[in-house]
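# Per-entry structural report
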Amino acid sequence: MIQQIYPQVIHPFRYELNKDMQIAAAHFIPHEAAGQCANMHGHTYFINITVAGDELDDSGFLINFQQLKKLIHNRFDHTVMNDHKDVFSDTAAEHFPTTEVVARKIAEIVQEHLDTLPNKPTCVQVFVRESPTSYVVYRPKAGKQ
Ligand SMILES: [Zn+2]
């Protein structure tokens, strides 16, 4: 996490902010194809959120770093991902808490908040490392998540 180089995202904005955070959480993937991952187990997720925009707010921020931590870390740290029924589902694959879906959900939660800000920043990338050898990068497409 510290001093790690993340995959870069090409975007047209003037400012780009990156927030790292670490989340300890459990999950299981409720599908027979998941093998051992169908059993409850834990990860230390390393997450990097990239927010970009052309305008800053009245405080000179794209978004306050602490706000991003509150939105994601405070919500999911030391929890079971599957328990967040407002975010994940055990019956619909597009809402299983796989690394891919976790990355997309984080992008959606962040963007929902960014949409309330007057300077209208955009979440352009979410990086989620689930283990030392596995990570996912999610990049929302313009106009849809
Ligand atoms: Zn897992």
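Here's what I pulled together on the structure shown here. (Residues numbered from 1 in each chain as written. Predicted model: local features only at pLDDT ≥ 70, side-chain atom pairs only at ≥ 80, totals over all residues. Heavy atoms only, no water.)

Another aspect to go through is the nonpolar core. In this structure, Ile49, Ile72, Ile106 and Val110 are the most contacted members of the largest nonpolar core, which totals 31 residues. The set of elements that each furnish at least two residues to this core consists of strand S1 (15-27), strand S2 (41-53), helix H1 (65-76), helix H2 (99-114), strand S4 (122-131) and strand S5 (134-138). For this core, the element with the most residues is H2, which contributes eight residues. With residues near it in sequence (within four places) discarded, Ile72 still touches Met21, Ile23, Ile49, Ile106, Ile109 and Val110. (Core = buried A, V, L, I, M, F, W, Y, C linked by side-chain atoms within 4.5 Å. Buried < 20%, exposed > 50% of the residue type's maximum accessible area, 1.4 Å probe, protein only. Helix = DSSP H or I, 4+ residues; strand = E, 2+ residues; numbered from the N terminus. Contact = heavy atoms within 4.5 Å.)

In this section: the coordination of the zinc ion. For the zinc ion, every protein donor is listed as His27 (NE2), His41 (NE2) and His43 (NE2), and the spread of their distances is 2.0 Å. In the primary sequence, the donor residues of the zinc ion line up as H-x13-H-x1-H. On the criterion of sequence distance, the pair formed by His27 in strand S1 and His41 in strand S2 is long-range, its members being 14 residues apart. The exposure class of His27 is buried, given its relative accessible area of 2%. (Donors = N, O, S within 2.8 Å, 3.2 Å for Na, K, Ca; no water.)

Between its terminal C-alpha atoms H1 stretches 17 Å, which fits the 16 Å expected from twelve residues at 1.5 Å a residue. Turning to H1, its buried residues are Leu68, Leu71, Ile72, His73 and Phe76. Down the axis, H1 shows its buried residues gathered within 150° of arc, on one side only. Seen from the open side of H1, the exposed residues pointing more than 90 degrees away from its buried face are Lys70 and Asn74. Packing partners of the buried residues in H1 comprise S1, S2, strand S3 (79-80) and H2. (Expected span 1.5 Å × (residues − 1). Arc of directions from axis to C-beta.)

All right, on to the pattern of salt bridges then. Under the counting rule described, the total for this entry stands at three salt bridges. Notably, a salt bridge pairs Arg75 with Asp86, separated by 2.8 Å at the nearest N-O pair. One end of the pair, Arg75, is in helix H1; the other, Asp86, is in the loop between S3 and H2, with eleven residues separating them in the sequence. On the accessibility criterion, Asp86 (60% relative accessible area) is exposed. With a closest N to O distance of 3.2 Å, Arg104 and Glu108 form a salt bridge. You can see Arg104 and its partner Glu108 sitting in helix H2, four residues apart, about one turn around the helix. (Salt bridge = Lys/Arg side-chain N within 4 Å of Asp/Glu carboxyl O.)

By themselves these figures say nothing about function.
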